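The primary structure of each chain is shown beneath.
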Amino acid sequence: MKNYKPKAYFLLQAAACILLMGLLLTGCGLGLHKTTKLRDLDFTVVSEELLPAELIQLIEERKAEAFEITYSDKEYLYLCVGYGRQETGGYSITVDELYLSDASIHINTSLLGPGPEEAKGTSPSYPYIVVKLEYMDETVEFD
């Protein structure tokens, strides 16, 4: 009768080695890919009155929660960032970065709270911003 333990042990070691090498080779690159900024993008902040009706409807449906929407009419690309329900008014939103990288369009915004001199009111608000730029067929990353 043959003893198969050494062969099974060798196969187990080989499988563990392959698994370890796979993790090392793929794990080292995870999270280290750095995008290359090609250029800043020109944009316009758009008021609600100038938005396409379909986009207004999408925003209304989502405004109670934080959201990120891209919308295109093949002439322009609209990037929308909403911060959900806030207990008072007086909030504003800034566009910190909007640029084209080697892989996608990146947008980074910040919500600014009402200042002490601003009348906050007692009604909730739903702050959001819509920026419009020339149409590009690129993936959008909301940073």
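Report on the accompanying structure.

The rules behind each value
- Residues numbered from 1 in each chain as written.
- Predicted model: local features only at pLDDT ≥ 70, side-chain atom pairs only at ≥ 80, totals over all residues.
- Heavy atoms only, no water.
- Helix = DSSP H or I, 4+ residues; strand = E, 2+ residues; numbered from the N terminus.
- Buried < 20%, exposed > 50% of the residue type's maximum accessible area, 1.4 Å probe, protein only.
- Contact = heavy atoms within 4.5 Å.
- Areas by Shrake-Rupley, 256 points an atom, 1.4 Å probe, with all protein chains shown as cover.
- Polar contact = N/O pair within 3.5 Å; in protein donor to acceptor, adjacent residues only side chain to side chain.

1. Observations regarding the overall build of the chain
Okay, step 1: The number of helices and strands found in the chain is two helices and eight strands.
Okay, step 2: Looking at the chain as a whole, 27% of its 143 residues qualify as buried.
Okay, step 3: A sequence separation of at least 24 residues applies to 69% of the contacts in the chain between residues at least 6 apart.
Okay, step 4: Surface exposure of the chain reaches about 10000 Å², of which carbon and sulfur atoms provide 56%.

2. A look at the side chain of Ser101
Okay, step 1: Of note, Ser101 is situated in strand β5 (residues 92-101).
Okay, step 2: Exposure remark for Ser101: the relative accessible area of 2% places this residue in the buried category.
Okay, step 3: Of note is the side chain of Ser101, whose polar atom sits 3.1 Å from the backbone nitrogen of Ala103.
Okay, step 4: Contact partners of Ser101, with chain neighbours within four places excluded, come to Thr35, Thr36, Lys37, Leu38 and His106.

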